[in-house]
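Chain and residue survey
Chain by chain, the residues:
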Amino acid sequence: MSRKLCGIGEALIDFIPEVKGQRLKDVPSFTRVAGGAPANVVGAVTKLGIPSKFLTKLGDDPFGDYIVEVLDQAGIDTSQIKRDKEAETALAFVSLASDGNRDFKFYRKNSADLRYSVYDIEQDVLDDCGMIHFCSVDLVKSPMKEAHKKLIDMANGKDVLVSFDPNLRFSLWDDLQELKETVNEFLPFADIIKISDEELEFITGHTDIKEAVSDLLNGRTKYVIYTKGKDGAEIYTKNGMTEAPGYTIEVRDTTGAGDSFIGAFLYQLLRDDVTDLEAVDFDTLRSYLDFANAYAAYTTTKEGALAAMATAEELEAFRNSL
């Protein structure tokens, strides 16, 4: 059996408007879906056929019950998810423009995930894992930030690969300079970094990925994946770069598109049991990008995030239809 992906961070409820093209204040009704970027990523990997587990804390409330139920149904190992009677499961209300792009309003002032601590991490949690993945939402000053540091240290000690998608959510940070500093604090500890065209300048100060990549490829980092939405993706290593074009399709909802992309990319590394990232040739990396682009494109044809992730069979049918 392939080694698992271990995700850490927030799991929450996304409330998606039933009608697109309205400002959030004008939306009359919503549909409830389970989400949270790192949860979406492990969901993509699991649906494609590689086992995964997720580390977080949820409120001991009906929303937390629903998230555990959805993750269980997706096949994700939820045995490491803790519950908290004194905090609440986070909520996010999402407004979809007519082109499928989003605005967010988060409710997480007393969010249970931020109370997940180093003491909640079991010492053998990574024994069956080949990779961990995290994002930036739960890197605010909290016990959860310290839990991330501990898990990364554990991964380094066990030769488990580390993947980081900053996935910036500006509205969750009181101080954007602190967000920038925090992201840059964690970047050197990641073997794989995914960064979008919308995030590049804020994180690096550069508008051109080619000017930024030398700074990003330091520390442990072996891959910098630069995503460009419908225009595809590029991957940079210390030996060069390759790219794959995107797919032109009718977009219904972009929620979870970036998460599904990195999930599909990580799935392929785990499927192929890649332990030496620098040994993968550029033809293979290009095929990985194309697969991930197709997977993300499929996700945008459905509503929601985790619920929109494809199985391997669904993705194959989608790619054959293009």
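Residues numbered from 1 in each chain as written. Predicted model: local features only at pLDDT ≥ 70, side-chain atom pairs only at ≥ 80, totals over all residues. Heavy atoms only, no water.

The chain is annotated in an unreviewed UniProt entry as Fructokinase of Anaerostipes rhamnosivorans.

A short note on the sheet that holds strand β4 (residues 52-55)
Backbone hydrogen bonds hold the strands of a sheet together, and the pairing may be parallel or antiparallel. Strand order in the open sheet made by the eight strands is β4-β1-β9-β10-β11-β12-β13-β14, with mixed pairing throughout. Edge positions in the open sheet fall to β4 and β14 (240-244), since each of these has one partner strand only. Geometrically, the sheet is characterised by an average inter-axis angle of 20° between neighbouring strands, direction not taken into account. Note that strand β1 (residues 4-8) and strand β9 (residues 129-134) share four bridges and pair parallel. If you follow Cys 6 over to β9, its bridge partner there is Ile 132. Running over the sheet, helix α8 (residues 282-300) touches β12 (223-227), β13 (233-237) and β14 and is turned about 35° from β14. (Pairing = 2+ DSSP bridges. Helix = DSSP H or I, 4+ residues; strand = E, 2+ residues; numbered from the N terminus. Axes fitted to C-alpha atoms, helices over the stretch in contact; angles between N-to-C directions. Contact = heavy atoms within 4.5 Å.)

Considering the state of the cysteines
A full pass over the atoms with the stated rule returns zero disulfides. Counting only cysteine sulfurs, Cys 6 is the nearest neighbor of Cys 135, a cysteine outside any disulfide, at a range of 13 Å. (Disulfide = S-S within 2.5 Å.)

Some words on helix α1 (residues 37-48)
With 12 residues, α1 extends 17 Å from end C-alpha to end C-alpha; this agrees with the ideal 16 Å at 1.5 Å per step. Along α1, 11 of the 12 residues are buried, which leaves the element largely enclosed by surrounding structure. Those residues of α1 lying buried are Ala 37, Pro 38, Ala 39, Asn 40, Val 41, Val 42, Gly 43, Ala 44, Val 45, Thr 46 and Leu 48. Once α1 finishes, Gly 49 follows within two positions and takes phi at roughly 125°, a positive value. (Expected span 1.5 Å × (residues − 1). Buried < 20%, exposed > 50% of the residue type's maximum accessible area, 1.4 Å probe, protein only.)

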